Amino acid sequence: MISSAGVPKKRQRTTAVRRSSSTAGTISSVSDVTLTELSQNVDRPFPMADDRPSPAADDALHFNDSATADVVLRLYVDGPSPLESSADSISNSDLHVYLHSDVLRRSKYFSALLSDRWIGHVHVPEHSSTAAAARDLFRLNLAVAPAAASIQSHLTVLELLYTNDFAAAVDSASTALDLLPVALELLFEECVRWCVDFLEAVPWTDDEEKRVVRLIPFLSEEESKELVARVSPSGEDSCEAMLQGLVSSAMNSYGNTAFVKAFVGKILRDLSSKETAKRVLEKAFARSLKTVKESLEDYSSPVFRGDHNETEAIQRLNLHKASTNGKHLLWLVERMIELRVADVAVKEWSEQAGFTADLQRAFHDDAWRNIVPGLPAVILRCTCRLANAVTAGTILASRQVRRKLVEDWLPVLVVCKDNVSPISPSNKSLYLELEETFLRIISTLPMSDAQELLQRCLSFSTRNVEDCPHLVTAFNTWFRRAARPLKPDCLFDQ
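Residues numbered from 1 in each chain as written. Predicted model: local features only at pLDDT ≥ 70, side-chain atom pairs only at ≥ 80, totals over all residues. Heavy atoms only, no water.

> Looking at this structure, how should I read the overall build of the protein chain?
When you go through the protein chain residue by residue, the secondary structure sums to 24 helices and four strands. Classification of the 494 residues of the protein chain by burial places 47% in the buried group. Taking all contacts inside the protein chain whose residues are at least 6 apart in sequence as the whole, residues at least 24 apart take part in 76%. Element-wise, carbon and sulfur atoms account for 52% of the exposed surface of the protein chain, whose accessible area totals about 25,400 Å². (Helix = DSSP H or I, 4+ residues; strand = E, 2+ residues; numbered from the N terminus. Buried < 20%, exposed > 50% of the residue type's maximum accessible area, 1.4 Å probe, protein only. Contact = heavy atoms within 4.5 Å. Areas by Shrake-Rupley, 256 points an atom, 1.4 Å probe, with all protein chains shown as cover.)

Put into C-alpha cells, the structure is as follows:
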C-alpha cells in the first residue's frame, strides 16, 4: 500500500494477499488531470500511445472496454481531495474501470485476488439492465490518495497491463516516480523493472532524488543496488578521499591552478564537516612542507656527483621544487586560517629549526636570485599569515609555540632583508608587516622571554628613528612593564 506521503507501505511481493472487502492503496503525487475530468470520461476507453494490446492479451481485449470486460475496478479516493471542493469530492469520489481478468493476472496482486481462493468473496450483481452488468462481473475496490494524479497514475499502470508500451508511458524521472509506487502496490513486476531501469539511467532534480531515496526500501536488493550506489557513499571515508583528490588536483594537476584553487576553496568553505576539511588540509600541509624542506636540504647540502653542469641542473631542480611547493603551502595555510583549522599548522611551523637554518644558508647564496626570485617572499608570507592568525586570536597558540615562532623565523626575516636587493615595494611592505607581527607576539610573552627576543629585533631599526615606530613602541612597552614594583599587590594600585 502507498501512504499519503507518497511512500508505499511495504507489501510482500508474492502471489498471496489478505482477504479484504476492499483493497486499499494510496499515492501522493501531482498531475494536471482532475478527478472530475476522469469521472466524466469513464465510459470511453483511455488510450495510451497507439493502444497496442499486450502480447499476453487477446487482440479483442482493450483497456476499459465495457462490452468485453469481466472485472469492474472501483478506484475511490480515500478521503477528501485537497484539489477539489467538499461538494465535488462527495459526488466524484470514485471511478469505475472495465478490465479483463486474463490481463489483470499479469499483476500478482490481482492474480491473487482473482484466484479460486478469493472468487467466492467477490460480489456479483443479481440484476442489471446494462449489457456489461448482465454478465458475471467481478467487482473490486482500490483506494487511492486524495490527489488527482494518483488516479491518473493508477489508470496508466492498469493500461500498461494491456499495451506494454513502457517507453511511451515513462518519459521522465517524475513520471517514473509517479508510476513506480503503483506498480509496487499492484506487484506489476515488468513495470517496476522498467521504472527502476529508467531512473537508473537519467539525471534527477533534488526533489526527485528525495523521492527515489524514499522508494528504495520498497525495492529488492537486486533492483535497488544501482540506485543505492548512486545516492550512498561507497565507504565511510569517501568524502575525505574525494576532498583529498580535489586538493591534490588543485595543487598539482592543472596548468592554470588559480581558478581551480579558487573553486576548491569554495568547496572547502561550503563543506558541512569542518573536521573532514581539517584532516585533509593537515595531511596536504604536511606533505607539501616535507617536500619543501627536503628540497632546501638537498640544495643547501648537495652531494656532488658528476660534472658541474649536472650538479647545477640538480640544484635548479631543487629550488624549483621548493618554490612550487612553497606556493602550495601558502594556499593551504590561507585555507586553514580561513576555516579556523590551522592550530596544528602553527605548531609545526614553530618547530622548524632545521628548515629555517637551511633557508638561511640558501638565501645567503646568490644562485636562487635568477632561478626562483620569489621564493623568499612565498616562505615569509606563510610565516606572516600564521603569525597574524596567532595575534588575532584566530589560533590560540601556547607560550612555547609563540616563542618558537619568533625565535626560529626571525633570523630568516633578517637574512631576507639583508640579501634580497633591491627591495621591491611589495617585499618592503611584507617585511614591515612581519616585523610588527613578531613584535606583537613578543608583547604576549613573559618579560624574560621578551627581553631576550627584543634585543634580536634591533635590525628592524633604520637610520631614521621615525621610520620604525613599531620597534620604539615595543621597547617602550617593555620598559614600562619593567618599571613596575615587584610586589604583586602593587599591580592592583596602578
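> What's the story with unusual backbone geometry in this structure? I'm lost.
Working note: non-glycine residues mostly have negative phi, and peptide bonds are mostly trans. Positive phi values are uncommon outside glycine, yet N64 reaches one of about 60°. For N64, the position within the fold is in the loop between helix 1 (35–40) and strand 2 (71–77).

> Even after reading the chapter, I still don't get the environment of L380, so can you show me in this structure?
Relative to the helices and strands, L380 resides in helix 20 (residues 375–391). Sequence separation between L380 and C416 is 36 residues; the distance between their C-alpha atoms is 8.9 Å. Apart from the residues within four sequence positions on either side, L380 is in contact with V412, L413, C416, L430, Y431 and L434.

> Looking at this structure, I do not really get the packing of helix 23 (residues 447–455) against helix 24 (residues 469–482). What am I missing?
Each packed pair of helices is defined by two parameters, the angle between the axes and the distance between the axes. The contact between helix 23 and helix 24 brings their axes to 11 Å, and the two run at 145°. As for the relative orientation of helix 23 and helix 24, their crossing is left-handed in sense. On the side of helix 23, the interface is formed by M447, A450, Q451, L454 and Q455, while helix 24 contributes A474, F475, W478, R481 and A482. (Axes fitted to C-alpha atoms, helices over the stretch in contact; angles between N-to-C directions. Left-handed = near helix turned anticlockwise from the far one by under 90°.)

> Mind showing me how you'd approach helix 23 here?
In an α-helix, one turn spans 3.6 residues, which is why side chains three or four residues apart end up on the same side. Three or more residues of helix 23 are buried, namely D449, A450, L453 and L454. Buried residues in helix 23, looked at end-on, bunch into an arc of 120°, giving them a common side. Against the buried residues of helix 23 lie helix 21 (399–419), helix 22 (425–442) and helix 24. (Arc of directions from axis to C-beta.)

> How do you make sense of the pattern of salt bridges when you look at a structure like this?
When the charged atoms of two side chains lie near each other, side chains of opposite charge can form a pair. What the rule picks out here adds up to 27 salt bridges. R456 is the partner of E452 in a salt bridge, and the nearest nitrogen-oxygen pair spans 2.6 Å. Among the ionic contacts, a cluster of salt bridges with common partners joins R399, R403, K404, E407, D408, D449, E452 and R456. (Salt bridge = Lys/Arg side-chain N within 4 Å of Asp/Glu carboxyl O.)

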